[in-house]
Amino acid sequence: MREQHLPGHRGLATFALLAATEVLVARTDIIVLGAGIVGSSVALHLVKRGLSVALVDRGGAGEATSYGNAGIIEGNTIFPPAFPSDWTTLLAIALKRSSLANYHLTFLPKIAPWLAAFRAYSQPEKLLETSQVMRPLFARAVAEHETLAAEAAAEKYFRRTGWLKLYRTDRTFAGTARERELAKELGINNAVLDGDGARMLEPSLAPVFRHAVHWTGAVSVSNPLAVTRAYAARFAALGGLSFVGDAGSLHRNGARWRVETASGPLDAGEVVVALGPWLRDVLDPLGIKLPFAVKRGYHRHFQPRGNAALARPVLDADNGYVLAPMEQGIRLTTGVEFAPRDAPPTPVQLKRLLPAAHELFPLGEPVEQQASGATTWLGARPCFVDSRPVIGRAPGQAGLWLACGHAHWGLTLGPATGRLLAELITGATPFCDPQPFAADRFLT
Ligand SMILES: Cc1cc2nc3c(=O)[nH]c(=O)nc-3n(C[C@H](O)[C@H](O)[C@H](O)COP(=O)(O)OP(=O)(O)OC[C@H]3O[C@@H](n4cnc5c(N)ncnc54)[C@H](O)[C@@H]3O)c2cc1C
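Rules behind the numbers
Residues numbered from 1 in each chain as written. Predicted model: local features only at pLDDT ≥ 70, side-chain atom pairs only at ≥ 80, totals over all residues. Heavy atoms only, no water. Phe/Tyr/Trp six-rings, centres within 6.5 Å; stacked < 30°, edge-to-face > 60°. Helix = DSSP H or I, 4+ residues; strand = E, 2+ residues; numbered from the N terminus. Buried < 20%, exposed > 50% of the residue type's maximum accessible area, 1.4 Å probe, protein only. Pairing = 2+ DSSP bridges. Core = buried A, V, L, I, M, F, W, Y, C linked by side-chain atoms within 4.5 Å. Contact = heavy atoms within 4.5 Å.

Caption draft 1: Region of interest: the packing of aromatic side chains. For the structure on display, the rule yields eight aromatic pairs. Ring centres 5.2 Å apart and planes at 20 degrees place the aromatic pair Trp114 and Phe118 in the stacked group. Placement of the pair is Trp114 and Phe118 together in helix α3 (residues 108-120), with a separation of four residues, close to one helical turn. Like Phe118, Trp114 is buried. Ring plane angle 85 degrees and centroid distance 5.5 Å describe the contact between Phe138 and Trp409, whose orientation is recorded as edge-to-face. Of this pair, Phe138 sits in helix α4 (residues 124-151) while Trp409 sits in the loop between β24 (400-404) and α11 (410-426), placing them 271 residues apart in sequence.

Okay, structure coming up:
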């Protein structure tokens, strides 16, 4: 067997170990599994620190969950989405009359323990704790993107226009009081607007809402796929190597880890699992059990009618969807769906919310009209029960690291995660306390 060390950008030594067979085994310092926004950002941060890094995916960078999101870099985030606490909302969801959430009935027994734990983490004191431990990550979200975007020539996709949350009723707006109070304490800028004030920012919106909050510090992108591709291209420009391969082939090979790729086996002392919704495909066989599930979500693109336009993403809070201006058109993204990750799409939420969306904004023709009839994109938000990601060592497996479970904020937190994990792996001082993101918080 022949073994070859892949170069890092500082030109690490190449060596060959010859054995009986002629199979070439590439050896690198670190393998990153998954080239979504999280894995690509981790790989880029590692290669910037002089390590020899291989990025392995079965497809192209950013083509899975990181393609279809609403494109919002929400450094302003305070509270994670919570399990509904009022019975009216819960009943509407249970009766499948709400566009906020959907579920597959047959999946409920399987997801029930996860939902019960998620509900426990939705108590006010737990939400407050999550908001506090997540703040250092969110606070760096925009700045870490800006650094990578400048290096990767991706700035053209970035809009510094904030994002707008709309409330159709006094009741839903009043529900945000605590969030706004905390924002004030933390110095997170926002402007509370009435309908007319919001329509001065976004003149194409119809006056169907009473209140709005403009989160001025948020940034959005016009093409999340292009942003991840740009970061992956920067990784390559710095000497990182990308491989097509199956993360499911990960196994121990002596003191190292091995992954099978289309170019042959790849060995490394350290491996980062950044597989988004596919995390369990690798962790389950290794016996690592974490309270992980996916919240599925859909999008569909529409042409704006006439001269209608949006300068920033807009959330219709009462109906749980976002309208985000993208290069492809206006991207309408839905709320969450609890269903098996790989079950066929059931985009009933889109159907339920389309009348509200048409009422709010002059949506024209759908952009994708394929002969197959497939017009909606389906993705899956990778989520732990406490809505916090795992960034750090995998429990009980030397050399295995995790960067996963970014839920509603994978785009937002990819670069900050990349920096934090690279600092942990290289033994540098981490920019924030990594303890709240350790996997072993679930093992006590
Ligand atoms: C409708 C919707 C709207 C959203 N809006 C926002 C938003 O506005 N802002 C925000 O911050 N976040 C948003 N999110 C969340 C965000 O998109 C995700 O958190 C993020 O994309 C997760 O990134 P990731 O890199 O962890 O996963 P992914 O992008 O899914 O990357 C995982 C990679 O692993 C690869 N992979 C999987 N299995 C294998 C295997 N066996 N072998 C090899 N490779 C494999 C996949 O091909 C993929 O490239 C939204 C999500 C949805 C669904």
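Caption draft 2: Representation of the pairing of strand β22 (residues 377-384) in the model. Among the eight residues in β22, seven count as buried, and that is most of the element. Across eight bridges, strand β16 (residues 292-304) lies against β22 in antiparallel orientation. Considered in β22, the bridge of Val294 is made with Pro382.

Caption draft 3: Inspection of the nonpolar core at higher detail. With 96 residues, the main nonpolar core has Leu33, Leu46, Phe158, Tyr231 and Val272 as its most contacted residues. When residues no more than four places from it in sequence are discounted, the contact partners of Leu46 are Ile30, Val32, Leu51, Val53, Val272, Ala422 and Ile425. One finds Ala198, Phe209, Ala212 and Leu363 within the second-largest nonpolar core, a separate group that totals 23 residues.

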